Amino acid sequence: MIRKAINNGDFHAFKANEEEEISLLQFADDTLIIGEGDTSNLWSIKAMLRGFEVMSGLRINFNKSNIYGINVVNCYKIIAVNTSRRKYEVSVKVSVHTLGTRCWRRILDFPGPGLVPNPGSGTFLNDSVNWLTRDTTGGAYLIVSLDLEKESYQKLSLPVFDDVTTLGTLRGCLSLLSSRDEFDDVLIMKEYGNENSWIKLFTVPHTNPWGDDCHYTKVLYISEDDQVLMEFCKDWTETEYNLVVYDSINNTFKIPKFQNNIHGHMVAKEIYVESLICPF
């Protein structure tokens, strides 16, 4: 199971050197799963352990299980981004507050010139905050990533040149929703930071029963059987949002109904993920 997860890119083993890596050590009564120190590995470990329970019928005693970080600094940071305009110049200043301290710190300004983060596009992945940006001088879209540990930036180019609606995460990867005239493309970056690893997951047609002005605004979740939960807006005024489930195999749409929805439409959508950390 672990080997399959490694081959699929869902789990990253610890590299002892350039040729050897370690992912599993087993003893008479103990099992050690060893991997790189990132949050995606934690979710993969939990998924594998749950999968083992389902397939084997055995139960794992999580009360006797522990997670240890080696050379991992346990600190949390809050990022504040301030955009200001002066005539034709745009500056984006970034400040960081480390929890447990009493002050904010200015770090390097947003890389520019002309790059401005899209409102609400900040996406956390791989210990970095990623923003969808558009060059105000040339119009090209880019992703700007801030490494929270190193507090340094990198720019990632995009594989599409049409209108890019949103940046998000799907299946543990950065994702893009790219709008075209008759359909939308959904893409993911299989290897974080590798601009050549973008692949298209599927295409969503615009032929739907909600009118010509309806457009998709965000891809929220993809199930294992390729059911796609998406956010859409019925008109370009973007005043009323709803959810739709797109069956990418049978090319069908379905709007889920919610009990006690007194507003008749959805206001805010967030994906709930079971926490790894027990609050007690």
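### Here's the deal with helix α2 (residues 39–56)
Thought 1: Between its first and last C-alpha, α2 extends 26 Å over 18 residues, near the 26 Å set by a 1.5 Å rise per residue.
Thought 2: Within the sequence span of α2, burial applies to Asn-41, Ser-44, Ile-45, Lys-46, Met-48 and Glu-53.
Thought 3: Packed against the buried residues of α2 are α1 (2–7) and β4 (31–33).
Thought 4: Looking at the residues trailing α2, positive phi occurs at Gly-57, about 80 degrees.

### Notes on the packing of aromatic side chains
Thought 1: Scanning all chains against the criterion turns up four aromatic pairs.
Thought 2: Judged by centre distance (5.9 Å) and plane angle (70 degrees), the ring pair of Phe-110 and Tyr-153 falls under edge-to-face. Here the residue Phe-110 occupies a position in the loop between β7 (105–106) and β8 (115–117), and Tyr-153 occupies one in strand β12 (residues 152–157), the gap between them amounting to 43 residues. Here Phe-110 matches Tyr-153 in class, with each residue buried.
Thought 3: Of the aromatic side chains, those joined through ring pairs into one cluster are Phe-110, Trp-131 and Tyr-153.

### Quick look at the sheet that holds strand β19 (residues 241–247)
Thought 1: In spatial order, the strands read β17-β18-β19-β20; together these four strands make up an open sheet with antiparallel pairing. At either end of the open sheet lies a strand with only one pairing partner, and these are β17 (215–222) and β20 (252–254). On average, each strand axis in the sheet is inclined to that of its neighbour by 30 degrees, with strand direction left out of account.
Thought 2: Examined bridge by bridge, strand β18 (residues 227–233) and β19 share seven bridges and lie antiparallel to one another. Bridge pairing links Leu-229 to Val-245 in β19.

### Here we look at unusual backbone geometry
Thought 1: Here Glu-151, not a glycine, exhibits a phi torsion of approximately 55 degrees, which is positive.
Thought 2: Mapped onto the fold, Glu-151 is located in the loop between β11 (141–147) and β12.
Thought 3: Non-glycine residue Asp-226 carries a positive phi angle of around 65 degrees.
Thought 4: Checked against the element boundaries, Asp-226 lands in the loop between β17 and β18.

Analysis parameters
Residues numbered from 1 in each chain as written. Predicted model: local features only at pLDDT ≥ 70, side-chain atom pairs only at ≥ 80, totals over all residues. Heavy atoms only, no water. Helix = DSSP H or I, 4+ residues; strand = E, 2+ residues; numbered from the N terminus. Expected span 1.5 Å × (residues − 1). Buried < 20%, exposed > 50% of the residue type's maximum accessible area, 1.4 Å probe, protein only. Contact = heavy atoms within 4.5 Å. Phe/Tyr/Trp six-rings, centres within 6.5 Å; stacked < 30°, edge-to-face > 60°. Pairing = 2+ DSSP bridges. Axes fitted to C-alpha atoms, helices over the stretch in contact; angles between N-to-C directions.

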